[in-house]
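# Understanding the architecture of this molecule
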Amino acid sequence: MITPLTPHPAALVKTKESRTLVVADLHIGWEIALSEKGIHVPTQALKLLEKLKNLIKTYNPDKLLILGDVKHTVATAELGEWQDVPEFFNELKKYVNEVQIIRGNHDGNLDPLLPEGIKILPSSGVVIDGAGFFHGHRWPPPAILKCKTLVMGHVHPVIVLRDPAGFRITRQVWVKAKCNQNQLAEILLQRQGIKIEGDPQKTLLKHYRVKPRTTQLFIMPSFNEFLGGKPLNEKETTENEKIVGPILRAEAVDLRNAEIYLLDGTFLGYLSQLEVFGMP
Ligand SMILES: [Mn+2]
């Protein structure tokens, strides 16, 4: 069972055997990249660490799973990250037995920064208690469709709310979207270069021995609250601003009718209903 840990951008997955704390998009070193542009923000790594430690103390997980984008610089590592990332994990290790990372698109050259004992899982994702977890910058492999529920990060979902006086606030949100199994199967098979014979479900069964069961997708808020995100309810004006990642751009995921929740659990409405607040 997956439970969002309101009001925190984190979730707990409980099975009979284990308790896994899940967070996404830490982006350690985000402020370092900013300081190169002349904007100085104190290092956020300590704050993130404090927040994680508190969650670990409260929920007592056996495992911490980070759903990608541990650090901010994409291909390499900034000088400050050489310090912040190892320190962060060395400290974290003292509080939880196991730390696992699914690599995100910002995690190039992450391995040398990690102390011993921190596990990097394949970026294809991991299945816990029948739910499939992956970062979301790329499609997961077709076999993940055996999971009823998928959980991803990468998007840093926020909603913008404007009022007539011109106030504009953005809030981090959780997104719960319905998926079309047949369309998902079709996309994932095509991506593997597999010819679809008859219907995608049968082809998936034939090649992967998997019956597609995926009906819902959760998008996690970023654990680093300092980060912005592109408001999901704002109209895209240019191609560049299109919603991040291939998964949300696909019709297989019904983003328009997705349920949107604030971190405190408040149901804001369906995304289509919130579009009116995103108008300039
Ligand atoms: Mn990402």
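About the thresholds
Residues numbered from 1 in each chain as written. Predicted model: local features only at pLDDT ≥ 70, side-chain atom pairs only at ≥ 80, totals over all residues. Heavy atoms only, no water. Helix = DSSP H or I, 4+ residues; strand = E, 2+ residues; numbered from the N terminus. Contact = heavy atoms within 4.5 Å. Buried < 20%, exposed > 50% of the residue type's maximum accessible area, 1.4 Å probe, protein only. Pairing = 2+ DSSP bridges. Axes fitted to C-alpha atoms, helices over the stretch in contact; angles between N-to-C directions. Parallel < 35°, antiparallel > 145°, perpendicular 65-115°, else oblique. Left-handed = near helix turned anticlockwise from the far one by under 90°. Nonpolar A, V, L, I, M, F, W, Y, C, P; charged D, E, K, R; others polar. Polar contact = N/O pair within 3.5 Å; in protein donor to acceptor, adjacent residues only side chain to side chain. Donors = N, O, S within 2.8 Å, 3.2 Å for Na, K, Ca; no water.

A few words on the environment of Gly229. Relative to the elements of secondary structure, Gly229 occurs in the loop between strand S12 (216-219) and helix H6 (246-249). For the pair Gly229 and Arg256, spaced 27 residues apart in sequence, the C-alpha separation works out to 18 Å. Apart from residues lying up to four places away in sequence, Gly229 is in contact with His156 and Val158.

Now for the pairing of strand S8 (residues 131-134). Taking every second residue as pointing to the same face, both faces of S8 are buried, with Ala131 and Phe133 on one and Gly132 and Phe134 on the other. Where strand S7 (residues 126-128) meets S8, three bridges bridge the pair, whose relative direction is antiparallel. Bridge pairing in S8 places Val127 opposite Gly132. Hairpin geometry of S7 and S8 is characterised by an intervening segment of two residues between the two adjacent antiparallel strands and by a positive phi of about 50° at Asp129. One ladder, built from four bridges, connects S8 with strand S9 (residues 149-152); its direction is parallel. The partner of Phe133 across the bridge, within S9, is Val151.

So, about the packing of helix H4 (residues 181-191) against helix H5 (residues 200-208). Packing of H4 against H5 brings their axes to within 8 Å, and their N-to-C directions diverge by 50°. Here H5 runs oblique to H4, going by the angle between their axes. Where H4 crosses over H5, the handedness of that crossing is left-handed. For the pair formed by H4 and H5, the contact residues are Gln181, Asn182, Ala185, Glu186 and Leu189 on the first element and Pro200, Gln201, Thr203, Leu204 and Tyr208 on the second. Among the residues making up the contact of H4 with H5, the classes are represented as five nonpolar, four polar and one charged.

Within the element layout of this structure, Ser222 appears in the loop between S12 and H6. A relative accessible area of 1% places Ser222 in the buried class. From its side chain, Ser222 meets the backbone oxygen of Asn224 in a polar contact 3.2 Å long. Discounting chain neighbours no more than four positions away, the residues touching Ser222 are Pro9, Ala24, Asp25, His156, Gln172 and Leu227.

This brings us to the pairing of strand S14 (residues 267-270). Pairing geometry for strand S13 (residues 253-262) and S14, over three bridges, is antiparallel. Opposite Tyr261, over in S14, you have Phe267 as the bridge partner. Hairpin geometry of S13 and S14 is characterised by an intervening segment of four residues between the two adjacent antiparallel strands and by a positive phi of about 100° at Gly265.

With that settled, consider the coordination of the manganese ion. For a metal with four donors in a tetrahedral arrangement, the ideal angle between donors is 109.5 degrees, while six donors in an octahedron ideally sit at 90 or 180 degrees. In this structure, Asp69 (OD), Asn105 (OD1), His135 (NE2) and His154 (ND1) serve as the protein donors to the manganese ion, at separations of 2.0 to 2.3 Å. Expressed as a motif, the donor residue spacing for the manganese ion is D-x35-N-x29-H-x18-H. Within this pair, whereas His135 is found in the loop between S8 and S9, its partner His154 is found in the loop between S9 and strand S10 (158-162), the two being separated by 19 residues in sequence. We classify His135 as buried; its relative accessible area is 1%.

Attention now moves to unusual backbone geometry. Along the chain, Thr6 connects to Pro7 via a cis peptide bond; the corresponding omega equals 0°. Turning to its location among the elements, Pro7 is positioned in the loop between strand S1 (2-4) and strand S2 (11-14). One non-glycine residue, His27, lies in the positive phi region at around 50°. Residue position: His27 is located in the loop between strand S3 (19-23) and helix H1 (30-35). Non-glycine residue Asp129 carries a positive phi angle of around 50°.

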